[in-house]
Amino acid sequence: GGRGGGGTKWNTRWLYQTAVLSRRSFKVAYKDLLTPIALFQCCLVSAIAGGMWWQTPWTESRTESRSAFIFFTIIFWCFNAIFSSLMSFPSEGPILERERASGSYRLSAYYLSKTFAESPLRFVHPTIYLSVAFWMAGIRNDFGVWVGWVLIQLLVIFGGESLGFFVGATFSNARHGIAACTIIAILLMLSGGFFLTSTEVPAFLRWVRYLSPFSYGYNAAVALVFNGKSVPCDGSGVLAACGGGNEGAVSPAEVLEVLGVQHSAATNAGLLALWCLAIRLWGYCHLRFLPSDSAGPQGGPARR
């Protein structure tokens, strides 16, 4: 007894459970994510990246340099989100099992509360970074492009967080989780389209790029940055369409083809959003139905 009347096993409504758990998760995550050292790291990385790519000229010879800045930004903040979210479940696992065993709340309320509480906090530092480094590096002096990239970057971070949650829910042993996450993240990063284009990857591994948030994020951001602005030739020979000359300009479509970018920014952002939702839902189902690696037969949650 003691779990409420009317045939329900929960004392409180789902919305109330989600709201209370979100407040609790926010307080915990705030102390973990928005620390002075994290802010210092963010400012320093912003200054270093902005300085290294300082006012990159919009010209043929710096095309790959500009795409390198984009890929660095994507992977740095995505890795940051993956490994910080990875530690959430192993550390909270015993508390989660105990509270759910007593019928305190539904697993879905807990899982959703982590999204509501942690995701907005993880968005703070990357937004600060892009507010500084993007303009210092002169990636594209266009406010609309900056806004679009911020939205793409936040999607990438949400994807990284989703992947971290999934791996964290799979491995209750933190060391196992970190090892698995490192392998998965490197595989997805290498298939992201910067180090190797899809045609350079062996045929039996090309499918991996469709599972990579780095690939969708990179393609979306590059397509956005180069969209609608031709690149002047400068005789450097970087873009074949210039023919080694220093006259004329290369169209955005030709630049994107050289960089191996597939589909528009909107298409890639949409596919990334679907990837995020799929991984987040898969993480929930895994936590809901399957035991974790070291929890034994009782490790699998029994309630929603």
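Residues numbered from 1 in each chain as written. Predicted model: local features only at pLDDT ≥ 70, side-chain atom pairs only at ≥ 80, totals over all residues. Heavy atoms only, no water.

(A) Summary view of the overall build of the protein. A tally of helices and strands in the protein yields eleven helices and two strands. For the protein, the N- to C-terminal ordering of α and β elements is α-α-α-α-α-α-α-α-α-β-β-α-α. When its C-alpha atoms are laid out on the principal axes, the protein stretches across 80 × 45 × 35 Å. Evaluated residue by residue, the protein yields a buried proportion of 48% over its 304 residues. (Helix = DSSP H or I, 4+ residues; strand = E, 2+ residues; numbered from the N terminus. Buried < 20%, exposed > 50% of the residue type's maximum accessible area, 1.4 Å probe, protein only.)

(B) Main features of the state of the cysteines. Across all of its chains, the model carries one disulfide by this definition. Here Cys 233 is linked by a disulfide to Cys 242, with a sulfur-sulfur distance of 1.9 Å. Note on the Cys 233 and Cys 242 pair: the S-S dihedral is about -85°, so by sign convention the disulfide is left-handed. The burial state of Cys 233 is the same as that of Cys 242; both residues are buried. As a non-bridged cysteine, Cys 42 has Cys 43 as the owner of its nearest cysteine sulfur, 5.2 Å distant. For the unlinked cysteine Cys 285, the closest cysteine sulfur is that of Cys 276, found at 16 Å. Owing to a relative accessible area of 30%, Cys 285 belongs among the partly exposed residues under this scheme. (Disulfide = S-S within 2.5 Å.)

(C) Fine view of unusual backbone geometry. Of note, Gln 55 is a non-glycine position whose phi angle comes to about 45°, a positive value. Phi is positive for His 263, close to 75°, though the residue is something other than glycine. Mapped onto the fold, His 263 is located in the loop between helix 10 (252–258) and helix 11 (265–289). Classification of His 263 as exposed rests on a relative accessible area of 52%.

(D) Highlighting the packing of helix 3 (residues 63–86) against helix 6 (residues 124–136). Running from N to C, helix 3 and helix 6 point in directions that differ by 160°, and their axes come no closer than 11 Å. Relative to helix 6, the element helix 3 lies roughly antiparallel. Viewed along their axes, helix 3 and helix 6 form a crossing whose handedness is right-handed. For the pair formed by helix 3 and helix 6, the contact residues are Phe 69, Phe 72, Thr 73 and Trp 77 on the first element and His 125, Pro 126, Tyr 129, Leu 130, Ala 133 and Phe 134 on the second. (Axes fitted to C-alpha atoms, helices over the stretch in contact; angles between N-to-C directions. Parallel < 35°, antiparallel > 145°, perpendicular 65-115°, else oblique. Left-handed = near helix turned anticlockwise from the far one by under 90°. Contact = heavy atoms within 4.5 Å.)

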